[in-house]
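Summary of structural features
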Amino acid sequence: MSDDATSTDDTPIKNLRVSEWTPVAHEDMNLRAYRAAIVAFVVAVVGGLLAALSYWNSWADTWLGVGLALALGGIGFGLVSWSKYLDLDDHVVQMREPLHTTVQEQHDLEEEIEMTKNTVGRRKLLVGLLGGSFASLAVGFVGPIGSLGPKPQGERNSTGWSAGRRVVTNDSVPIQLSTGQFDQLTTAFPEGFVGRDDSQIVLLRMHPDILSEQTVAQGAIDGWVAYSKVCTHAGCSVGLFGIDTREPDVVRQLVCPCHQSVFDPTDAARPVGGPAPRPLPQLSLGVDDEGYLIANGDFERPVGPISWTEGWTGGWTGQDQ
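Everything in this summary refers to the structure shown in the same document. Note that the coordinates shown come from a computational prediction; the quantities given were computed from them, not determined experimentally. (Residues numbered from 1 in each chain as written. Predicted model: local features only at pLDDT ≥ 70, side-chain atom pairs only at ≥ 80, totals over all residues. Heavy atoms only, no water.)

Side note on a negative patch on the surface
- Negative charge collects at one region of the surface, where E105, D108, E110, E111 and E112 lie side by side.
- Here E110 lies in helix α3 (residues 103-122). (Patch = residues over 30% accessible without salt bridge, like charges linked within 9 Å, V, L, I, M, F, W, Y side chains within 5 Å. Areas by Shrake-Rupley, 256 points an atom, 1.4 Å probe, with all protein chains shown as cover. Salt bridge = Lys/Arg side-chain N within 4 Å of Asp/Glu carboxyl O. Lys, Arg positive; Asp, Glu negative; His and termini not counted. Charge placed at Lys NZ, Arg CZ, Asp CG, Glu CD. Helix = DSSP H or I, 4+ residues; strand = E, 2+ residues; numbered from the N terminus.)

Encoded structure:
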């Protein structure tokens with residue numbers, strides 16, 4: 001027997017199947033959309049809090065991404081569900097008519113606006129959760145935005161080098177003054193700061209007789225000379241050292257492979273080719289009581305490319321003084 005059949009005495013059969021388009025079914029659909037919006041906004045709040053906790057507790061970046069995804073996805077899904085609850089998914093076509101309204105139409109509009117206010121205003125839970133979702137999303141983004149960092153306030157004027165700090169290799173092995181062959185390049189760091197980008201140096205040992213007076217005056221010792229490895233053009237690593245032995249002169253050059261900036265290591269790393277605007281900062285070297293190379297202090301000027309402020313205030317004009 002079909003669901004819409006009746007008994008022989010014309011008494012309707014109970015529990016008739018309700019069409020999905022009946023007012024009862026439509027009310028159920030609205031209720032489901034309402035509940036879905038609540039769940040979505042709760043998920044968004046949890047996601048924002050998870051993103052904030054992940055950032056401040058240095059959890060894996062994966063959890064930060066998951067939290068932000070939940071916050072954004074929850075807000076989006078919640079708004080869509082809320083619109084379905086408010087019957088905002090109906091497709092309506094209005095024919096073009098003269099742009100004027102009757103008194104009755106104005107009255108109908110006022111009633112519609114009032115009904116909408118009453119409908120939304122009664123759902124304080126949804127409104128509160130929506131506000132909480134946006135608030136948690138904002139909190140979740142505080143960490144990533146804060147990671148952009150404040151405006152530099154002198155950090156470029158200091159590296160890991162200081163007076164008396166030993167010069168060590170990538171393996172934290174100190175370097176003795178009496179070791180090393182001529183015309184060999186080594187990447188070195190201050191002891192305790194191995195791997196710090198702004199503190200890496202190119203360390204060379206050349207015959208003392210070929211070094212310029214300025215190079216010696218700025219801290220070369222027994223042929224050892226150290227320059228910042230950060231190129232003054234775009235901040236790449238100056239890691240190539242070449243020697244041209246063709247007559248009439250032997251040419252030694254430090255080369256940045258990124259944009260082919262060339263520096264003369266025998267003359268205070270003076271730029272002799274490419275786009276680099278100024279020499280590589282030189283590190284003044286000394287020797288401790290045990291015969292190991294040490295720094296006499298930090299670099300006398302910022303490493304890498306100069307900033308607009310440094311150039312404008314006259315800190316560096318592109319020429320050595």
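Considering the packing of aromatic side chains
- For the structure shown, the criterion picks out 1 aromatic pair.
- Ring geometry for F41 and W82: centres 6.3 Å apart, planes at 75 degrees, overall edge-to-face. Placement of F41 in helix α1 (residues 23-56) and of W82 in helix α2 (residues 61-85) is noted, with a sequence separation of 41 residues between them.
- On the basis of relative accessible area, F41 is assigned to the buried category, the value being 0%. (Phe/Tyr/Trp six-rings, centres within 6.5 Å; stacked < 30°, edge-to-face > 60°. Buried < 20%, exposed > 50% of the residue type's maximum accessible area, 1.4 Å probe, protein only.)

Section: the environment of S136
- When you line up the elements, S136 lands in helix α4 (residues 124-146).
- Considered as a pair, S136 and A44 are 92 residues apart in the sequence and their alpha carbons are 7.4 Å apart.
- Ignoring anything within four residues of it in the chain, the contact list for S136 reads A44, V45, G48 and L49. (Contact = heavy atoms within 4.5 Å.)

Re the side chain of D267
- With respect to the helices, strands and loops of the structure, D267 is situated in the loop between β7 (261-264) and β8 (270-273).
- Side-chain polar atoms of D267 contact the side chain of S212, separated by 3.0 Å. (Polar contact = N/O pair within 3.5 Å; in protein donor to acceptor, adjacent residues only side chain to side chain.)

Considering the sheet that holds β7
- The sheet built from 4 strands is open, its strands ordered β5-β6-β7-β8 with antiparallel pairing. Each of the sheet's edge strands pairs with one partner strand only, and the pair in question is β5 (240-244) and β8. For this sheet, the mean inter-axis angle between neighbouring strands, taken without regard to orientation, is 40 degrees.
- As judged from the 5 bridges shared by β5 and strand β6 (residues 251-256), these two strands associate in the antiparallel manner. Bridge assignment links G242 to a residue of β6, and that residue is Q253. (Pairing = 2+ DSSP bridges. Axes fitted to C-alpha atoms, helices over the stretch in contact; angles between N-to-C directions.)

A short note on the pattern of salt bridges
- Throughout the structure, instances matching the rule amount to 8 salt bridges.
- When the shortest N-O distance is used, the salt bridge between R252 and D183 registers 2.8 Å. Here D183 lies in the loop between β1 (167-168) and β2 (185-190) and R252 lies in strand β6, a separation of 69 residues in the sequence. A single burial state applies to R252 and to D183, both of which are buried.
- The shortest N-O distance in the salt bridge between D244 and R246 comes to 2.7 Å.
- We classify D244 as partly exposed; its relative accessible area is 26%.
- The class of R246 is exposed, set by a relative accessible area of 61%.
- In this structure, a network of salt bridges that share partners links the residues R166, D288 and E290.

Notes on unusual backbone geometry
- Positive phi, close to 65 degrees, is recorded for S172, a residue that is not glycine.
- Inspection of the secondary structure assignment puts S172 in the loop between β1 and β2.
- Owing to a relative accessible area of 44%, S172 belongs among the partly exposed residues under this scheme.
- Positive phi is not limited to glycine here, since D222 has a value of about 50 degrees.
- Within the fold, D222 resides in the loop between α5 (213-217) and β4 (224-228).
- The exposure class of D222 is partly exposed, given its relative accessible area of 41%.

Here we look at the state of the cysteines
- The full count for this structure, using the stated rule, is 1 disulfide.
- The disulfide bridge from C236 ends at C258, spanning 2.5 Å between sulfur atoms. Between C236 and C258, the disulfide has an S-S torsion of -110 degrees and is therefore left-handed. Residue C236 is located in the loop between β4 and β5, and its partner C258 is located in the loop between β6 and β7; the two are separated by 22 residues in the primary sequence.
- A residue is classified by how much of its surface remains accessible, and C236, at 17% relative accessible area, is buried.
- With no disulfide of its own, C231 lies closest to C256 among cysteine sulfurs, the gap being 3.9 Å. (Disulfide = S-S within 2.5 Å.)

Don't take any of this as a statement about function, it's just geometry.
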